[in-house]
Amino acid sequence: MELHQCINFLLSTAQNTVFQYFNQKLSQYNITPAQYGVLNCLWEHGELTPKQIGEFLVLEASSISGILERMQKNNLIERNIHPNNRRTIVVTTTEQADDIRHNIEEIVSEMNHKFLSFLSEDERHLFTQILQKIIHIPK
């Protein structure tokens, strides 16, 4: 099979192109694309456990733990013991993270426009549906 027909090559190359662009845009806020994913979950859903964040982002617990540790050091999140269950940690955004939310969301919107504007509305919808199907193929 020709390399340019291999789905892994195509998805990896496309993902790397978008990732590098996104990473560069977020760098002015000292945030990585993975950290944006965490912030987005918290902005959309409020207080969450690390396990819930991992489920939303489809990441292993060990990956989430490292991301959260770096975010806490950068004062983007707080991790606290749940008041009703001392064995449960809950994660929330800090005021510093909330203050940059609008700017980060503008970056995401601009990035989506840059990489999807050449597609028609129907193509964009189909493209995201196909990616969702690939993401949710049983392992």
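Please read all numbers here as calculations on a predicted model, not as lab measurements.

About the criteria used
- Residues numbered from 1 in each chain as written.
- Predicted model: local features only at pLDDT ≥ 70, side-chain atom pairs only at ≥ 80, totals over all residues.
- Heavy atoms only, no water.
- Helix = DSSP H or I, 4+ residues; strand = E, 2+ residues; numbered from the N terminus.
- Buried < 20%, exposed > 50% of the residue type's maximum accessible area, 1.4 Å probe, protein only.
- UniProt positions renumbered as here; feature names shortened; annotations may be inferred.
- 1 Å grid on protein atoms, 1.4 Å probe; cavity = no way out; pocket = protein on both sides within 12 Å on 5 of 7 lines; lining within 4 Å.
- Points joined across faces, edges and corners; volume = space filled by probe spheres on them.
- Nonpolar A, V, L, I, M, F, W, Y, C, P; charged D, E, K, R; others polar.
- Axes fitted to C-alpha atoms, helices over the stretch in contact; angles between N-to-C directions.
- Parallel < 35°, antiparallel > 145°, perpendicular 65-115°, else oblique.
- Left-handed = near helix turned anticlockwise from the far one by under 90°.
- Contact = heavy atoms within 4.5 Å.
- Phe/Tyr/Trp six-rings, centres within 6.5 Å; stacked < 30°, edge-to-face > 60°.
- Salt bridge = Lys/Arg side-chain N within 4 Å of Asp/Glu carboxyl O.
- Expected span 1.5 Å × (residues − 1).
- Arc of directions from axis to C-beta.

Undergrad: Quick one: what's the story with the environment of Arg70, residue by residue and with numbers?
TA: Structurally, Arg70 is set in helix α4 (residues 61-73). We classify Arg70 as partly exposed; its relative accessible area is 47%. Residues Arg70 and Ile31, 39 residues apart in the sequence, show an inter-C-alpha distance of 9.8 Å.

Undergrad: Explain the UniProt feature "domain: HTH marR-type" (unreviewed entry) in the chain to me, and be specific about the residues and the numbers.
TA: In the numbering used here, UniProt assigns the feature "domain: HTH marR-type" (unreviewed entry) to residues 1-136. Within the segment residues 1-136, helix and strand shares are 66% and 11% respectively, and the terminal C-alpha atoms sit 25 Å apart.

Undergrad: Could you give an account of the layout of surface pockets, with specific residues and numbers?
TA: Here the largest pocket is characterised by a volume of approximately 1600 Å³. Lining the largest pocket we find 32 residues, and of these Gln15, Val18, Leu131, Gln132 and Ile135 sit closest to its centre. If you list the elements that add at least two residues to the lining of the largest pocket, you get α1 (7-26), α2 (33-45), α3 (50-57), α6 (101-116) and α7 (121-135). Partitioned by chemical class, the residues of the lining of the largest pocket number 24 nonpolar, 7 polar and 1 charged.

Undergrad: Give a description of the packing of α1 against α6 that names residues and reports values.
TA: The contact between α1 and α6 brings their axes to 11 Å, and the two run at 150°. Taken together, the axes of α1 and α6 lie roughly antiparallel to each other. Our pair here, α1 against α6, has a crossing hand that is right-handed. For the pair α1 and α6, the contacting residues are Thr17, Val18, Tyr21, Phe22, Lys25 and Leu26 in the first and Ile104, Ile107, Val108, Glu110, Met111, Lys114 and Phe115 in the second. Residue composition of the contact of α1 with α6, grouped by class: 9 nonpolar, 1 polar and 3 charged.

Undergrad: How would you summarise the packing of aromatic side chains if you had to cite specific residues and measurements?
TA: For the structure shown, the criterion picks out 2 aromatic pairs. Seen from their ring centres, Phe22 and Tyr36 are 5.4 Å apart, and the 80° between their planes marks the pair as edge-to-face. Taken as a pair, Phe22 in helix α1 and Tyr36 in helix α2 lie far apart in primary sequence, 14 residues in all. There is no split in this pair, since Phe22 and Tyr36 are both buried.

Undergrad: I'd like a rundown of the environment of Thr92, residues and numbers included.
TA: Along the chain, the position of Thr92 falls in strand β2 (residues 85-93). Here the alpha-carbon distance between Thr92 and Ile77, two residues 15 residues apart in the chain, equals 5.5 Å. With residues near it in sequence (within four places) discarded, Thr92 still touches Leu42, Glu47, Leu76, Ile77, Glu78 and Asn80.

Undergrad: I'd love a proper account of the pattern of salt bridges, names of residues and values included.
TA: The final tally for this structure, using the stated rule, is 3 salt bridges. Across the pair Arg101 and Glu44 runs a salt bridge whose closest N-O atoms are separated by 3.4 Å. Linking Arg101 in helix α6 with Glu44 in helix α2, this pair joins segments that are 57 residues apart in sequence. The class of Arg101 is partly exposed, set by a relative accessible area of 26%. The class of Glu44 is partly exposed, set by a relative accessible area of 49%.

Undergrad: I'd like a rundown of α1, residues and numbers included.
TA: If you check α1, its first and last C-alpha atoms are 28 Å apart, about what 20 residues at 1.5 Å a residue would give, namely 28 Å. Buried within α1 are the following residues: Tyr21, Phe22 and Leu26. Taken around the axis of α1, the buried residues stretch over an arc of 135°, which confines them to a single face. Looking at the buried residues of α1, the elements they touch are α2 and α6.

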